[in-house]
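Chain residues, written in single-letter form:
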Amino acid sequence: MNDDEAVAPDGPGRALPGLPPPPPPGASALPPGTYDGTVVLVTGGGTGLGKAIAAEFARLGADLVIASRREERLKAARDELAELGGRVTAVPCDIRDPDRVAEVFDAAHEAYGLPDVLVNNAAANFPVPAEDMSPNAWRSVVDITLTGTFLMTREFGRRHLAAGTAGSVISIGASYAWTGGPGFAHSAAAKAGVKSLVETLAVEWGPYGIQVNGLVPGLMPHDDMTADIRGSLDRARDKAARQPALRVGAPRELGWAATFLASPYARFITGHTLVVDGANWQRRGLVSPEVATVREQLGRGPFEG
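What counts and what doesn't
Residues numbered from 1 in each chain as written. Predicted model: local features only at pLDDT ≥ 70, side-chain atom pairs only at ≥ 80, totals over all residues. Heavy atoms only, no water. 1 Å grid on protein atoms, 1.4 Å probe; cavity = no way out; pocket = protein on both sides within 12 Å on 5 of 7 lines; lining within 4 Å. Points joined across faces, edges and corners; volume = space filled by probe spheres on them. Helix = DSSP H or I, 4+ residues; strand = E, 2+ residues; numbered from the N terminus. Nonpolar A, V, L, I, M, F, W, Y, C, P; charged D, E, K, R; others polar. pLDDT = per-residue confidence, 0-100. Contact = heavy atoms within 4.5 Å. Buried < 20%, exposed > 50% of the residue type's maximum accessible area, 1.4 Å probe, protein only. Polar contact = N/O pair within 3.5 Å; in protein donor to acceptor, adjacent residues only side chain to side chain. Pairing = 2+ DSSP bridges. Axes fitted to C-alpha atoms, helices over the stretch in contact; angles between N-to-C directions.

So, empty space enclosed by the protein
Evaluation of the coordinates by the stated rule reveals one cavity of 30 Å³ or more. Each pocket or cavity is described by its volume, and for the largest cavity that value is around 40 Å³. Residue lining of the largest cavity: Ser-171, Gly-173, Ala-174, Ala-177, Lys-191, Val-194, Lys-195, Val-198, Gly-214, Val-216 and Thr-273, and that is the complete set. Counting only elements with at least two residues in the lining of the largest cavity, the list comes to α6 (185-205) and β6 (210-217). Sort the elements by how many residues they give to the lining of the largest cavity and α6 lands first, with four residues. Per-class residue counts for the lining of the largest cavity are five nonpolar, four polar and two charged.

See below:
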């Protein structure tokens, strides 16, 4: 089932429509040229949702800087994004290292100028019961997802504060920042920190003209999903029918939301986290499903210490 299909029964012979499909790839949510002369830096921009977000900024005229740890994927993404008509620079970076973070901003500034928009998309995640999680696993996910987001945002803020210029930060979050995420204790804790960081810095930096917002994707399948997440999706039959929208999301829908939040049309929106998931995170059933432990869901045997 693709992102434009949705079927669910509602009585004999009847199907519910679900939310309408999005416009086709290549459509833009904002006027052409909205980001002409604007520099946009996207972490994790070489793959998946980060690349999808970068593409929508490129369609609207932005100069792009994409950063990621995997240089080979960055180069491929740079070539693909350049076909949309804008200028694209790819910079390898480990966002956990403040020196490498500074180098990314230096490279961006040298290529196009100080980034006007920062999209914190880079993150790490994998499912694991909390009792099986090693300290290194915890540190890896929290350091990339939370500390890396802070270091990138801090560098962006410091440079704009010194220059006396306005800017916009968008940090990619997750709905389990509100609800908790069984099987993803490390990521849920980190994303809760990202949400709090958005709300805190929006107040601190608003007087200086810097917006800080969050953006949460729903289920948006793409080719770069990790094997763990792809396997979970493959095991979940009728995944679209399990969504209130009766369809999954398209990555471009997240890109459209990002371009709006950072645009001149959203100047008075800051400290907000926008969830783009067809209301799936708010779904509740009239009858609670049977409880299955995280270990059972991941196919693991009893914990043995």
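Continuing now.
So, the confidence of the model for the protein chain
Detailed reading of the predicted model is not advised wherever pLDDT is low. Averaged over all residues, the pLDDT of the protein chain is 91; the fraction at 70 or higher stands at 90%. Low pLDDT (under 50) marks residues 1-7, which in the prediction has 20 contacts with non-local residues, meaning those over four places away or in another chain.

Considering the side chain of Arg-295
Within the secondary structure, Arg-295 sits in helix α9 (residues 294-297). Among the residues examined, Arg-295 registers a relative accessible area of 13% and is labelled buried. Among the polar contacts made by the side chain of Arg-295, one reaches the side chain of Asp-132 at a distance of 2.9 Å. If sequence neighbours within four positions are ignored, Arg-295 has contacts with Pro-129, Glu-131, Asp-132, Arg-300, Gly-301, Pro-302 and Phe-303.

Here we look at the sheet that holds strand β7 (residues 273-276)
Across the sheet, which stays open at both edges, the seven strands sit in the order β3-β2-β1-β4-β5-β6-β7 with parallel pairing between neighbours. Sheet topology places β3 (88-92) and β7 at the edges, where each strand pairs with a single neighbour. The mean inter-strand angle of the sheet, taken between neighbouring strand axes irrespective of direction, is 20°. Relative to β3, helix α2 (residues 71-82) is tilted by about 170°, and along the sheet it contacts β2 (63-68) and β3. In this fold α6 packs onto β5 (167-172), β6 and β7, with an angle of close to 155° to the strand it touches most, β6.

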